[in-house]
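The chain contents come next:
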Amino acid sequence: MPAASVMTEPGELGRFGEYGGRYVPESLVPACAAVEEAFREAWADPRFHRDLDRLLAVHAGRPTALTPAWRLSAELGVNVLLKREDLAHTGSHKINNVLGQALLAQRMGKTRILAETGAGQHGVATATAAALLGLEATIFMGEVDIERQALNVFRMKMLGAEVIPVTSGTRTLKDSTSEAMRHWVTCVDEAYYCLGSVMGPHPYPWMVREFQRVIGDEARRQCAAELTTGNPDYVVACIGGGSNAAGTFAGFADTPAQLIGVEAEGGAAIAAGKTGVLHGFRSYLLQDENGQVSEAHSIAAGLDYPGIGPEHAYLKDMGRARYVTVSDAEVIPAVHRLARTEGILPALESAHAIAWVIRAAESGELPPWSTVLVTLSGRGDKDMATLMEAS
């Protein structure tokens, strides 16, 4: 049920209930502590907020639209509203967080930004912000993701970033995150690690959620202006690490709206995982019978991660949010359906949220003409090769 204390600052040692924390090598503890101190100072500084708000407006194109999906709504018998993060500069919600962290890196006197990326959107956003602020950017990306997201790799390089292929392990997002954190140990004096989701060691899950909160805050104001009830009945977002969902949920956590996070079936850390530690934080993780982290799979590169942000684990345990899964087989039809009813090509990640809404409406799980807000976290340009092959 809604509670005013939900989705505020984490507790002692950066924990959301039993989740989160800071499980890093001793050499990275001072670096994480420095990021936390700098963020606290910046977040309390009106000038930092003014600078960030201006960049979000004039560079990223905020506020993004709240678009009624009229034809899809008529077909499904529910009122679907789309929060259009696909219209933000670089094509996804990732730019919100990266502009905030890049400004923070500049404030800290860093000259280089490190980042991991799976679908490439965080990498593109990082390269974009680095170019804008005159910083160097080094992006770690798994070989598998480099192959299926070749367009975004080219975009990063065009923006001046160095893209380092990761050849270890599954060669996807988990391993690119590991490599980025290992590299950070070697260059903490001049480099800032710009983590792309609500995961990693404290303060990243909290900090990234706060930078993405702009999604939920905007959507809540827009819904208040558009809906006679003031708030939607359901708020839905796809989840890998979970930043677009955390940012959206933050705007509605203290309302009666039901919060629904949609995981990829092959990367469903909440649905199929157990508690463990990965990449500096404690949360639900996919694990084998020996407690080793299992390989995740999703047709969407951005959801191909075996864990979930610690705050989502906390929201699940306390019953404030519900987490569901969608299969690869449901995603492609959802892309086609939104494209052909609304003229919008969603990213494969975002299509997971659309797929669940379609399934829930057609099965009767969603009451007739209930209002469903869906965060469309990114556009589908980057996925055309995958869509052509799958179609």
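Residues numbered from 1 in each chain as written. Predicted model: local features only at pLDDT ≥ 70, side-chain atom pairs only at ≥ 80, totals over all residues. Heavy atoms only, no water.

Re the packing of aromatic side chains
For the record, the criterion: The rule is short: rings of Phe, Tyr and Trp, with Trp giving its six-membered ring, pair when the centres are within 6.5 Å, and they are stacked under 30 degrees, edge-to-face over 60, tilted in between. When accessible area is computed with a 1.4 Å probe and restricted to protein chains, residues below 20% of their type maximum are described as buried, those above 50% as exposed, and intermediate ones as partly exposed.
Within this structure, the stated rule accounts for 10 aromatic pairs. Look at Trp184 and Tyr193: their rings are 5.5 Å apart centre to centre, the planes differ by 55°, and that puts the pair in the tilted class. On the basis of relative accessible area, Tyr193 is assigned to the buried category, the value being 0%. A connected cluster of aromatic rings, assembled from ring pairs, spans Phe39, Trp43, Phe48, Trp206 and Phe211.

Brief notes about the sheet that holds strand 8 (residues 191-193)
Paired through backbone hydrogen bonds, the strands of a sheet run either parallel or antiparallel to each other. To be explicit about the condition: DSSP calls a pair of strands paired once it identifies at least 2 bridges connecting them. Here a strand is any run of E in DSSP of at least two residues, a helix any run of H or I of at least four, and the numbering for each starts at the N terminus. Angles shown run from 0 to 180 degrees and are taken between the N-to-C directions of axes, each axis being a line fitted to C-alpha atoms and, for helices, limited to the stretch in contact.
One open sheet accounts for four strands, arranged 7-6-5-8; its pairing is parallel. Edge strands, defined here as strands with exactly one partner in the open sheet, are strand 7 (162-166) and strand 8. In this sheet, adjacent strand axes meet at a mean angle of 25° when their direction is disregarded. Direction of pairing for strand 5 (residues 112-117) relative to strand 8: parallel, over a ladder of three bridges. Note that in strand 8 the partner of Leu114 across the bridge is Tyr193.

Examining the sheet that holds strand 9 (residues 234-239)
For the record, the criterion: Residue contacts are counted whenever heavy atoms from the two residues lie within 4.5 Å of one another.
Pairing is mixed across the open sheet formed by six strands, whose spatial order is 3-4-14-9-10-13. Single-partner strands in this sheet number two, and they are strand 3 (66-68) and strand 13 (321-326). On average, each strand axis in the sheet is inclined to that of its neighbour by 25°, with strand direction left out of account. Across the sheet, helix 10 (residues 243-252) lies against strand 9, strand 10 (258-264), strand 13 and strand 14 (371-376), angled at about 160° from strand 9, the strand it touches most. Along the sheet, helix 13 (residues 328-342) makes contact with strand 3, strand 4 (79-84), strand 13 and strand 14, crossing strand 13 at roughly 100°.

That's the geometry; what it means functionally is another story.
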